[in-house]
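Listed below, chain by chain, are the residues.
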Amino acid sequence: LAKTTQPISMDSYEGQEVNITCSHNNIATNDYITWYQQFPSQGPRFIIQGYKTKVTNEVASLFIPADRKSSTLSLPRVSLSDTAVYYCLVGDLDSSYKLIFGSGTRLLVRP
Amino acid sequence: NAGVTQTPKFRILKIGQSMTLQCAQDMNHNYMYWYRQDPGMGLKLIYYSVGAGITDKGEVPNGYNVSRSTTEDFPLRLELAAPSQTSVYFCASVSDRVYGYTFGSGTRLTVV
């Protein structure tokens, strides 16, 4: 199971683009990269998932370089409501069922 | 679709008491998980199940038990509650190939 490393916290201001990077040096061939968002007193919520290159949805973009040893979650024009903890998760359900969350990145968006 | 339903939402237990945290999902997901989250910390995996009748330990299984008699339900049992089990408990499920978890709203448990 690939271990992930993320910054503990990040600060930003409303309207800025925020990029959160996750390092996963021992990612396996069949592993996918998934990001979750968690607000206080709520369960994590799925944001985006990818395998390689770039994935974009209505909430965020996920950039994955060719070596797949890291990934970057990009949140365009953040608002105060984006203040949350963001988790990077790497794994493949076919080969590893023990999906482990890392410590996450606490993002604070200021006015 | 209700998704993942957890009951109760809040509970206060006395040391040594027992209780069962209920978790039910209506998405026909094979994989189900129990996590605990202490204040200001990340999620720790307690137990998981890959299908009815199959369960396995996660990172922090001591003091807990689970069963999976049906695809829909995955109850978590605390036999002898201890203050160290004060936490928020989240149940989650995921389908075989789609990676995104669906989480329940959590159960906040206090042991006094």
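Worth saying up front: this structure is predicted, and the values here are computed from it rather than measured.

Chemist: For the environment of A:Gln6, give the residues involved together with the corresponding values.
Modeler: All names here are of chain A. Here Gln6 shows up in the segment before β1 (9-13). The class for Gln6 is buried, based on a relative accessible area of 13%. When neighbours within four sequence positions are excluded, Gln6 is seen to be in contact with Ile20, Thr21, Cys22, Trp35, Tyr86, Tyr87, Cys88, Gly104 and Thr105. At a separation of 2.8 Å, a polar atom in the side chain of Gln6 contacts the main-chain carbonyl oxygen of Tyr86. Side-chain polar atoms of Gln6 contact the side chain of Thr105, separated by 3.0 Å.

Chemist: Which residues make up the interface of chain A and chain B, and what values do they have?
Modeler: If you look at the interface, chain A gives 24 residues, while chain B gives 27 residues. Counting the surface lost from both chain A and chain B, the interface buries some 2,000 Å², and carbon and sulfur atoms represent 57% of this. The interface formed by chain A and chain B includes zero salt bridges. Summed over the shared surface of chain A and chain B, the number is five residue pairs in polar contact (both at pLDDT 80 or more). Secondary structure elements with two or more residues in the side of chain A that touches chain B: β3 (32-38), β4 (45-50) and β8 (84-91) of chain A. In terms of residue class, the side of chain A that touches chain B is made up of 12 nonpolar, eight polar and four charged.

Chemist: How would you sum up the sheet that holds strand β3 (residues 19-25) of chain B? Please name residues and give values.
Modeler: Residues and elements named next belong to chain B. As summarised here, the arrangement of the four strands in space is β1-β3-β8-β7, forming an open sheet in which the pairing is antiparallel. Two strands bound the open sheet, and with one partner strand each, they are β1 (4-7) and β7 (64-66). The average angle at which neighbouring strand axes cross in this sheet is 20°, direction not considered. Sheet topology places β1 next to β3; four bridges connect them, and they run antiparallel.

Chemist: Tell me what's going on with the nonpolar core, and back it up with residues and numbers.
Modeler: Ranked by internal contacts, the top residues of the largest apolar core, which has 20 residues, are A:Ile33, A:Trp35, A:Ile47, A:Leu73, A:Leu75 and A:Tyr86. If you list the elements that add at least two residues to this core, you get β2 (18-23), β3, β4, β6 (61-64), β7 (70-75), β8 and β9 (105-110) of chain A. If one sorts the elements of this core by residue count, β8(A) sits on top with four residues. Beyond its immediate stretch of four places on either side in the chain, A:Leu73 contacts A:Val18, A:Asn19, A:Ile20, A:Trp35, A:Ile47, A:Ile48, A:Ala60, A:Ser61, A:Leu62 and A:Tyr86. Among the nonpolar cores identified, the runner-up in size contains 19 residues, and B:Val66, B:Phe74, B:Ala81 and B:Tyr89 belong to it.

Chemist: Help me get a handle on the state of the cysteines, residues and values and all.
Modeler: All names here are of chain A. Counted under the stated rule, the structure contains two disulfides over all chains. Covalent S-S linkage joins Cys22 and Cys88, the inter-sulfur distance amounting to 2.2 Å. Disulfide Cys22 to Cys88: torsion about the S-S bond roughly -80°, handedness left-handed. Taken together, the positions of Cys22 in strand β2 and Cys88 in strand β8 put the pair 66 residues apart, joining distant regions of the chain.

Cut-off values and rules
Residues numbered from 1 in each chain as written. Chains lettered and ligands numbered in written order. Predicted model: local features only at pLDDT ≥ 70, side-chain atom pairs only at ≥ 80, totals over all residues. Heavy atoms only, no water. Helix = DSSP H or I, 4+ residues; strand = E, 2+ residues; numbered from the N terminus. Buried < 20%, exposed > 50% of the residue type's maximum accessible area, 1.4 Å probe, protein only. Contact = heavy atoms within 4.5 Å. Polar contact = N/O pair within 3.5 Å; in protein donor to acceptor, adjacent residues only side chain to side chain. Buried area = accessible area lost by both parts, 1.4 Å probe. Salt bridge = Lys/Arg side-chain N within 4 Å of Asp/Glu carboxyl O. Nonpolar A, V, L, I, M, F, W, Y, C, P; charged D, E, K, R; others polar. Pairing = 2+ DSSP bridges. Axes fitted to C-alpha atoms, helices over the stretch in contact; angles between N-to-C directions. Core = buried A, V, L, I, M, F, W, Y, C linked by side-chain atoms within 4.5 Å. Disulfide = S-S within 2.5 Å.

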